[in-house]
Amino acid sequence: MLPGLIIFFCLILYILLRRGSTSPIKAEKGQQSIAELTKINIGNSQQWVLIRSENINNPVILFVHGGPGTSQLTLIKNNTKYLEKYFTVVGWDQRGAAKSYNAGKNTNDMKIDQFVSDTIQVAEYLIKRLNKKNIILAGHSWGTIISTLAVTRRPDLFSAYIGIGQVANMNEGERISYEWVLKQAQMAGNKNDINALTGIGKPPYTGNWKKKTMVQRQLLGKYGGEYHSSKTGALGVVMKSLIFSTEYTFIDRVNFFRGMLRSVELLFPQMAKINFFEQVPELKVPVWFILGRYDYEVPSVLSERYYTFLTAPEKHICWFEKSAHMPNIEKRGLFHKILVKNIRGEIAAD
């Protein structure tokens, strides 16, 4: 018993005291690898990026995390190791999120337009740093909002856009999400859940909107609308990557939660104004939508409508039939296959 306790406390002490770093990558003969966790100047603030690849000459793909404020630096890394052979994979902690928490301290900077500008500046940094003509941009959930707007503003920076859990119309999406969860509760005959949902009422929420949204999201996770194979949503997956991350320090872990709560409070009301059917009818780069059939956090049925509506030089929709809001994590093998065989192959052909 005692040796076990000693090991446990040593592990906790190690987690608390260690500095953030990322594991090195061994390059094949004749190639140059890169494994870099670095702080860069973006939007008059210091923000962190993680760059990893077996070959620095690979196409660059920038993952823009969701939330808002939900850093996925290590979660992305843990689920894209296979891609490091074929891409230079970049994770980025947006202002106010985890390692970049301090960049979001000024409330005036926590605006969607600033995040769009940040996305563009990160892309410009990567193009210069890695000597590229352009990069692939992959947004997830909230990240699809700022990514879509960044592509609209600067299509020259991007060879392709990937929308994972693509936002289309926030208010309509929230309504569809609520009605789906209520239907699942009714089908299950769960009176407590039905009462909880009817108690908060249909969105858009008034009064304590944060508490009402949390009630709906908790039940969404319970019925598989966030992470299809889990009744508690994606929390377990996110927490595992957070606890065992080598990239996060103890302070980063604390700031993960602080940043997530603050970012939602400041940005969620702004997200209600997003309606891409009106704001972004066209994108001038090839587009890929990666959608989970059971996604009702950002309802994929609405993302599909936007896909049909959207004009682009070419567009593709990929359905993950047994996934919800995180198809790239839930079925990462299929996600890897699409990126390597389809998207990378198509870019190389161009």
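Residues numbered from 1 in each chain as written. Predicted model: local features only at pLDDT ≥ 70, side-chain atom pairs only at ≥ 80, totals over all residues. Heavy atoms only, no water.

(A) Examining the pattern of salt bridges more closely. Scanning the entire structure with this criterion turns up 15 salt bridges. For Glu 84, the salt bridge is made with Arg 52, and the minimal N-O distance between the two is 2.8 Å. Of the two residues, Glu 84 is situated in the loop between α2 (73–79) and β4 (88–93) and Arg 52 in strand β2 (residues 45–53); the sequence distance between them amounts to 32 residues. Taken individually, Glu 84 and Arg 52 each receive the classification buried, so the pair is uniform in this respect. In this structure, Asp 118 and Arg 95 form a salt bridge, with 2.6 Å as the shortest nitrogen-oxygen distance. Of this pair, Asp 118 sits in helix α3 (residues 112–129) while Arg 95 sits in the loop between β4 and α3, placing them 23 residues apart in sequence. For the pair shown, Asp 118 and Arg 95 are each scored as buried. Overlapping salt bridges bring together Arg 95, Asp 109 and Asp 118 as one network. (Salt bridge = Lys/Arg side-chain N within 4 Å of Asp/Glu carboxyl O. Helix = DSSP H or I, 4+ residues; strand = E, 2+ residues; numbered from the N terminus. Buried < 20%, exposed > 50% of the residue type's maximum accessible area, 1.4 Å probe, protein only.)

(B) Structural detail: the packing of helix α7 (residues 209–222) against helix α9 (residues 250–271). Following both chains from N to C, one finds α7 and α9 inclined at 90°, their axes separated by 11 Å at the closest point. In terms of axis orientation, α7 runs roughly perpendicular to α9. Here α7 contributes Trp 209, Lys 210, Thr 213 and Arg 217 to the contact with α9, which in turn contributes Val 264, Glu 265, Phe 268 and Pro 269. (Axes fitted to C-alpha atoms, helices over the stretch in contact; angles between N-to-C directions. Parallel < 35°, antiparallel > 145°, perpendicular 65-115°, else oblique. Contact = heavy atoms within 4.5 Å.)

(C) Representation of unusual backbone geometry within the structure. With an omega of 0°, the peptide bond running from Gly 67 to Pro 68 counts as cis. Tracing the chain through its elements places Pro 68 in the loop between β3 (60–64) and α2. Here the bond from Pro 203 into Pro 204 is cis, since omega is 5°, no more than 30 degrees from zero. Following the sequence through the fold, Pro 204 ends up in the loop between α6 (191–200) and α7. Positive phi values are uncommon outside glycine, yet Ser 141 reaches one of about 55°. Tracing the chain through its elements places Ser 141 in the loop between β5 (135–140) and α4 (142–153).

(D) Broad picture of the packing of helix α8 (residues 235–243) against α9. Where α8 contacts α9, the axes come no closer than 10 Å and their chain directions differ by 150°. One way to sum up the angle between α8 and α9 is to call them roughly antiparallel. Residue-level inspection shows Val 238, Met 239, Leu 242 and Ile 243 of α8 in contact with α9, the latter providing Arg 253, Phe 256 and Phe 257. Broken down by class, the residue content of the contact of α8 with α9 amounts to 6 nonpolar, no polar and 1 charged. (Nonpolar A, V, L, I, M, F, W, Y, C, P; charged D, E, K, R; others polar.)

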